[in-house]
Amino acid sequence: MYVYIDLDNLLKEKNISKNKVCEACRLQRTQFNNYCKNKVTRIDLSILAKLCEYLDCTPNDILKLK
């Protein structure tokens, strides 16, 4: 089992663009793309908190077990 980041599906569900998220959460686009493509090995909890607040969700909506 491993943890993966399921941001792409969440953004599609909520119909929110990556640009809006980057702007609102003050993230660089390349950094956010790495999260969307599951290319991070250590999740920054402050970024996770910003994403949850902006997307009105919990970490369980973003992080999944496979």
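Next up on the list: helix α1 (residues 7-14). Turning to α1, its buried residues number three or more, namely Leu7, Leu10 and Leu11. For α1, the arc enclosing every buried residue in end-on projection is 100°, short of the 170-degree limit, so these residues lie on one face. Exposed positions of α1 whose direction lies more than 90 degrees from the buried face are Lys12 and Glu13. Summarising the contacts, the buried residues of α1 are in contact with β1 (3-5), α2 (18-25), α3 (29-36), α4 (45-55) and α5 (59-62). Asparagine 15, located one to two residues past α1, shows a positive phi value of around 55°.

So, about the pattern of salt bridges. Overall, the coordinates contain one salt bridge when judged by the stated rule. One salt bridge in this structure joins aspartate 8 and lysine 18, with 3.7 Å as the shortest N-O distance. Here aspartate 8, found in helix α1, pairs with lysine 18, found in helix α2; they are ten residues apart in sequence, far enough to count as distant.

Before going further, it helps to examine the environment of lysine 18. With relative accessibility at 21%, the residue lysine 18 sits in the partly exposed group. Spatially, the C-alpha atom of lysine 18 lies 8.3 Å from that of asparagine 33, the residues being 15 residues apart in sequence. Setting aside residues up to four positions removed in sequence, lysine 18 forms contacts with Asp8, Leu11, Arg29, Phe32, Asn33 and Cys36. Side chain to side chain, lysine 18 and asparagine 33 meet in a polar contact 3.4 Å long.

What counts, and where the lines are drawn
Within every chain, residues take consecutive numbers counted from 1 along the sequence as written. In view of the model being predicted, local features appear only for residues whose pLDDT reaches at least 70, and side-chain atom pairs are presented and counted only at 80 or more, with totals across whole chains, interfaces and linings using the full set of residues. Computation of side-chain values covers all heavy atoms of the structure but excludes hydrogens and water. Residue burial is assigned from relative accessible area. The probe radius is 1.4 Å, only protein chains are included, and a residue is buried under 20% of its type maximum, exposed over 50%, and partly exposed in between. Comment: elements are numbered from the N terminus, with helices defined as DSSP H or I runs of at least four residues and strands as E runs of at least two. The directions from the helix axis to the C-beta atoms form the arc being described. By the convention used here, residues are in contact when the closest approach between their heavy atoms is within 4.5 Å. Think of a salt bridge as a Lys or Arg side-chain nitrogen and an Asp or Glu carboxyl oxygen that are within 4 Å of each other. Between N or O atoms, a polar contact is any pair within 3.5 Å; within protein, one atom must be a potential hydrogen donor and the other a potential acceptor, and residues adjacent in sequence are included only when both atoms are from side chains.

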